[in-house]
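Now for the letters of each chain:
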Amino acid sequence: MVPGRAGAAVILADALNRVPEGLTEAMALVDGLDDALVHGLGRPDESHLSALANLAAVFAGSPLAEPVNEAVGKIEAGSVTDEHLLALAGARCALLGAAHDALLAGLDQALSRTRSELVALAPRRSAPAGVRSWLRELAITGWRGVDHEIAAAGARAVPGLLEDPQYRRLAVLVDGLAAELRAAAPVATQPQVPARRWADLWARALLTAQADVPVSPVNGRFLILGADLREHPTAFQVQVHGLLESGAEVRLARTSLTAAKVDTITGASVWRLLEDFPVLLTALAKHQSVELTGMPQTAFGDLLWDDSRAVAGEVTDPFATARVRLGGAVAASVAPLERHPAAILEPVLLEGYQTGEGRIDLGGAVLDVDPLPAAGPITPAMVAASSACIGLLRHDTGGWSVRPLAVQALVRKKPVEAHTGDWALGPTEPKAAKAEALAGAAVEVLRERAGRLLRK
Amino acid sequence: MQQTDPVRRSTAPQVPPVHPRKLNKVPFVEFSDGRLQGVVSSGSDVTRVYVSSISAGDHGLDCSTNNNRPCGGLGASPCKHIQSLLAEAENQFGSARVARYLGIEVAEGGGLLGGLHPVRAKGQAAEVFSSFLRHLAYLELPVSVEPLSEMQWFPAGPVQL
Ligand SMILES: [Zn+2]
């Protein structure tokens, strides 16, 4: 290891071990609200009322003070309206936003990562009445009170949302939450409730306001670092992280493709849903850079991918990109409502570490390794045998973890390398290819049925 | 290092991915409205499908075509469509989840089918069929290139409960 890198590793480990001032207190307030939501705001008991009062107290003197105080008072008196819920969700969002900022600032400092100026946004529209009434019912009943009927009510709102592209975000979110509630119903019989997760999704759905994000065309070379894969029963998303090189400037950039799907399409077959994006998929599978001309990009660093504005460039090793260019790259600012500790996904190159069971030990800081997706070739064994990893640093449950996007390892004395996007054009490993061929037929069967039944 | 309190974890999806299975025979299976229900292809006619259901608890069976003609094969015992529905539900969700939902007590060495104590019941064929159409409609939606940052809460991979 080069001395400079060793120094950087120590600085990073220090940052990962440091708990920002006020973080514990902020999260305790969030937990208080989350626990009240487990029980239900319709009939709060003393402990929940005092948790809500603590939440209100911390906003004294801020613009949120009055609405939060009023909400807490009304809940105590037994009435819950959408305005009150919005105030509580807003308070929760503000606390988590502050926690996010403190954590990210520490990380940016350790990585010497500069970030562009914050962009202000004016929200335009909020959730439609059908969704708001479901969210209100959930809050009043509490997660513990969710039965099959309330769980199913959420999914019923989705087809209407899907008809309007403006509500696609909300549809994806409500569908994901409703599927979890359906699978857990009746929740009263579950040993535990994922209180923070469901409160996150609930608050997000309530606050999801479509805003006009400034978009401008960019030119340059997109150097891919790796792909982060996300999936729930009715959606698959690949988020590609990379560097955008235009002139002398290098910036971190992302692009996300989200396909609607059904639960029976899963595993490596999900890539088939993105076949209309051959340039990006090929670049992922073959480790190519991509030349962009007039590609729209939001002020928050998201490229709104248009395959016709992209041309495959030369083969480029993501590890070389990470080693040479990632250090000085400028990161985008984070949109106001996106600020949440669990939304931190910072691309990093980790090297010279030790591995343990599901862990990467940086020497001073130990990172849990996230679960690995079935749609890519990286296995826990490869991570355990790895010596270098491109990953996303994440913060959850009060600690840092890493989600590997690529690893370099020695397996039976042979160097191997694997990237989550390697199977974008189909699995390259014979056993996985065979399984995919079998499962992938599902996509064709369902498309054929859809063609016959929906378009006759 | 992480504390591993699942109650305070944001990004642990709660629904395990289903097992991939062949969809030709039974393209659609769902748990809904207190029933295991789904759509079963007719062996002989590509334009015809059967809508079959088994109710949770009392194991009420129903099977009819999508045009509401009763299935000729359904008598006191399950027709072949209901047998296929149950077998494919088992492939997709695993037998434990199916048995739990329907309230089937599986005898040692016995299958789910053997644990059914069926009666005839009226299912909701029209609703099941429209549910299938809504299911198919997902595949008609265009890919979105918007950031859709909500998906950050749903990392792909095995479920950690
Ligand atoms: Zn039948």
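J.: Account for the interface of chain B and chain A, naming residues and giving values.
T.: Contact residues are listed per partner, giving 60 residues for chain B and 85 residues for chain A. Both faces combined, the contact of chain B with chain A buries some 6,600 Å², and carbon together with sulfur accounts for 62% of it. Counting across the chain B and chain A interface gives 4 salt bridges. At the boundary of chain B with chain A, the tally comes to 27 residue pairs in polar contact (both at pLDDT 80 or more). Put simply, the parts of the chain that give the side of chain B that touches chain A at least two residues each are helix 1 (80-93), helix 2 (95-102) and helix 4 (125-137) of chain B. Ranked by residue count, the leading element in the side of chain B that touches chain A is helix 4 of chain B, at 7 residues. The residue inventory of the side of chain B that touches chain A, partitioned by class, reads 35 nonpolar, 15 polar and 10 charged.

J.: Would you mind going over the coordination of the zinc ion in detail, with residue names and values included?
T.: Residues and elements named next belong to chain B. Those protein atoms acting as donors to the zinc ion are Cys63 (SG), Cys71 (SG), Cys79 (SG) and His81 (ND1), and they sit at 2.0 to 2.4 Å. With 4 donor atoms in place around the zinc ion and angles of 104 to 115° between them, the coordination shape is tetrahedral. When the donors of the zinc ion are listed by position in the chain, the intervening gaps give C-x7-C-x7-C-x1-H. Residue classification places Cys79 among the buried residues on the basis of a relative accessible area of 3%. The class for His81 is buried, based on a relative accessible area of 7%.

J.: Before we move on, can you summarise the domain arrangement of chain A with the specific residues and values?
T.: Interfaces are often sized by the accessible area lost when the parts come together. Residues and elements named next belong to chain A. Partitioning chain A into structural domains gives domain 1 (12-211) and domain 2 (215-328). For domain 1 and domain 2, the distance between their C-alpha centres works out to 30 Å. In this assembly, 11 residues from domain 1 lie in contact with 13 residues from domain 2. Connecting domain 1 to domain 2 are 0 salt bridges. The interface formed by domain 1 and domain 2 includes 2 residue pairs in polar contact (both at pLDDT 80 or more). Sorting elements by how many residues they give to the side of domain 1 that touches domain 2 places helix 8 (residues 168-184) first, with 5 residues. Looking at side-chain class alone, the side of domain 1 that touches domain 2 contains 5 nonpolar, 3 polar and 3 charged residues.

J.: Describe in detail empty space enclosed by the protein, supporting the description with residues and values.
T.: Residue and element names in this part refer to chain A. According to the stated counting rule, one finds 4 cavities of 30 Å³ or more in the structure shown. Taken as a whole, the largest cavity holds about 90 Å³ of empty space. Lining the largest cavity are 14 residues, with Ile224, Ala283, Leu284, His287 and Pro318 positioned closest to its centre. Elements that contribute at least two residues to the lining of the largest cavity include exactly strand 3 (215-232), helix 10 (278-286) and strand 6 (288-298). It is strand 3 that provides the largest number of residues to the lining of the largest cavity, a total of 5 residues. Split by residue class, the lining of the largest cavity holds 7 nonpolar, 7 polar and no charged.

J.: Hey, could you go over the packing of helix 13 (residues 430-454) of chain A against helix 4 of chain B for me, with residue numbers and the actual values?
T.: At their nearest, the axes of helix 13 of chain A and helix 4 of chain B sit 9 Å apart, and the two run at 120° to each other. Two packed elements cross with a definite hand, and for helix 13 of chain A against helix 4 of chain B that hand is left-handed. Residues Leu446(A), Arg449(A), Ala450(A), Leu453(A) and Leu454(A) of helix 13 of chain A form the contact with helix 4 of chain B, whose participating residues are Phe129(B), Phe132(B), Leu133(B), Leu136(B) and Ala137(B). The residue makeup of the contact of helix 13 of chain A with helix 4 of chain B, split by class, is 9 nonpolar, no polar and 1 charged.

J.: How would you sum up unusual backbone geometry? Please name residues and give values.
T.: That bond from Ala185(A) to Pro186(A) is cis: its omega, -10°, falls within 30 degrees of zero. Mapped onto the fold, Pro186(A) is located in the loop between helix 8 and helix 9 (195-207). Of note in this structure, Thr397(A) is not a glycine but carries a positive phi near 50°. On the secondary structure map, Thr397(A) appears in the loop between strand 13 (386-396) and strand 14 (399-411). Here the phi dihedral of His59(B) falls at roughly 55°; this positive angle occurs in a residue that is not glycine. Examined against the element boundaries, His59(B) turns out to sit in the loop between strand 3 (49-55) and strand 4 (60-65). Among the residues examined, His59(B) registers a relative accessible area of 3% and is labelled buried.

Conventions adopted
Residues numbered from 1 in each chain as written. Chains lettered and ligands numbered in written order. Predicted model: local features only at pLDDT ≥ 70, side-chain atom pairs only at ≥ 80, totals over all residues. Heavy atoms only, no water. Contact = heavy atoms within 4.5 Å. Buried area = accessible area lost by both parts, 1.4 Å probe. Salt bridge = Lys/Arg side-chain N within 4 Å of Asp/Glu carboxyl O. Polar contact = N/O pair within 3.5 Å; in protein donor to acceptor, adjacent residues only side chain to side chain. Helix = DSSP H or I, 4+ residues; strand = E, 2+ residues; numbered from the N terminus. Nonpolar A, V, L, I, M, F, W, Y, C, P; charged D, E, K, R; others polar. Donors = N, O, S within 2.8 Å, 3.2 Å for Na, K, Ca; no water. Tetrahedral: all angles 85-135°; square planar, octahedral: opposite > 155°, others 65-115°. Buried < 20%, exposed > 50% of the residue type's maximum accessible area, 1.4 Å probe, protein only. Domains from an automatic or database assignment. 1 Å grid on protein atoms, 1.4 Å probe; cavity = no way out; pocket = protein on both sides within 12 Å on 5 of 7 lines; lining within 4 Å. Points joined across faces, edges and corners; volume = space filled by probe spheres on them. Axes fitted to C-alpha atoms, helices over the stretch in contact; angles between N-to-C directions. Left-handed = near helix turned anticlockwise from the far one by under 90°.

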